Amino acid sequence: MLVRPGAAEAVRKEIRTYFSGLLCVVERDLPAQATLRALQDRIFDESKDSPLGGVFAVYSDGRRGVVVVQCALADDVSKAWAVEHWGETVELHGALTPTD
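Residues numbered from 1 in each chain as written. Predicted model: local features only at pLDDT ≥ 70, side-chain atom pairs only at ≥ 80, totals over all residues. Heavy atoms only, no water.

Enquirer: Would you mind going over the packing of helix α2 (residues 33-46) against helix α3 (residues 76-86) with me for this structure?
Expert: Packed helix pairs are specified by the crossing angle of their axes together with the interaxial distance, meaning the distance between the axes. At a minimum axis separation of 11 Å, α2 and α3 run at an interaxial angle of 125°. Here α3 runs oblique to α2, going by the angle between their axes. Taken as a pair, α2 and α3 cross one another with a handedness that is right-handed. Of the residues in α3, those touching α2 at Leu-39, Arg-42, Ile-43 and Glu-46 are Trp-81, His-85 and Trp-86. When the residues that make up the contact of α2 with α3 are grouped by side-chain class, the tally is 4 nonpolar, 1 polar and 2 charged. (Axes fitted to C-alpha atoms, helices over the stretch in contact; angles between N-to-C directions. Helix = DSSP H or I, 4+ residues; strand = E, 2+ residues; numbered from the N terminus. Parallel < 35°, antiparallel > 145°, perpendicular 65-115°, else oblique. Left-handed = near helix turned anticlockwise from the far one by under 90°. Contact = heavy atoms within 4.5 Å. Nonpolar A, V, L, I, M, F, W, Y, C, P; charged D, E, K, R; others polar.)

Enquirer: Looking at this structure, I do not really get α2. What am I missing?
Expert: In an α-helix, one turn spans 3.6 residues, which is why side chains three or four residues apart end up on the same side. For α2, spanning 14 residues, the distance from its first C-alpha to its last is 20 Å, which sits close to the expected 20 Å at 1.5 Å a residue. Taken together, the buried positions of α2 are occupied by Leu-36, Leu-39, Gln-40 and Ile-43. Summarising the axial view, the buried residues of α2 lie within an arc of 110°, below the 170-degree limit, and thus occupy one face. Exposed and oriented more than 90 degrees from the buried face of α2 are Ala-34, Arg-37, Asp-41 and Asp-45. Its buried side turned inward, α2 meets β3 (55-61), β4 (66-73), α3 and β5 (90-96). (Expected span 1.5 Å × (residues − 1). Buried < 20%, exposed > 50% of the residue type's maximum accessible area, 1.4 Å probe, protein only. Arc of directions from axis to C-beta.)

Enquirer: Help me out: how do you make sense of the nonpolar core in this one?
Expert: Soluble globular proteins tend to bury their nonpolar side chains together. Within the largest apolar cluster, 15 residues are counted, with the highest numbers of intra-cluster contacts made by Ile-43, Leu-52, Val-67, Val-69, Trp-86, Val-90 and Leu-92. Where this core is concerned, the elements lending two or more residues are α2, β3, β4, α3 and β5. Apart from the residues within four sequence positions on either side, Val-90 is in contact with Leu-39, Ile-43, Val-67, Val-69 and Ala-82. (Core = buried A, V, L, I, M, F, W, Y, C linked by side-chain atoms within 4.5 Å.)

Enquirer: Can you help me understand the side chain of Ser-60 in this one?
Expert: As for its position among the elements, Ser-60 is in strand β3. For Ser-60, a relative accessible area of 18% corresponds to the buried category. A distance of 2.7 Å separates a polar atom in the side chain of Ser-60 from a polar atom in the side chain of Gln-33. Of the polar contacts made by the side chain of Ser-60, one reaches the side chain of Gln-40; its length is 3.1 Å. Ser-60 has contacts with Gln-33, Leu-36, Gln-40, Val-66 and Val-67, leaving out every residue within four places of it along the chain. (Polar contact = N/O pair within 3.5 Å; in protein donor to acceptor, adjacent residues only side chain to side chain.)

Enquirer: Help me understand the packing of aromatic side chains, please; the structure alone is not making it clear to me.
Expert: To describe a pair of aromatic rings, one takes the distance between the centres and the angle between the planes. Inspection of the entire model under this criterion finds 1 aromatic pair. Relative to Trp-86, the ring of Trp-81 has its centre 5.1 Å away and its plane inclined at 90°; by these criteria the two rings are edge-to-face. The pair Trp-81 / Trp-86 is uniform in exposure class, with both members buried. (Phe/Tyr/Trp six-rings, centres within 6.5 Å; stacked < 30°, edge-to-face > 60°.)

Set out below in structure tokens:
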């Protein structure tokens, strides 16, 4: 079970009142899966007129707490635009490599 920092002991005690089997409680300070999924929806809606050159796929990586965007172009301009619009939890991967 994944919980916020500082909550593991309380969660463990509560679960133990109902369950005595193997249990793993891990504290992590990451966005909730629902938050990442909502961001995925925003990215699809807002990326149509973006410098990304088209978005091919968007998925959330709950283990790392990021939303991964597969797009045509992931240069410095695109990355800055993505951070401005969606924040630091977005990771761009471009299909094309910019040239000078």
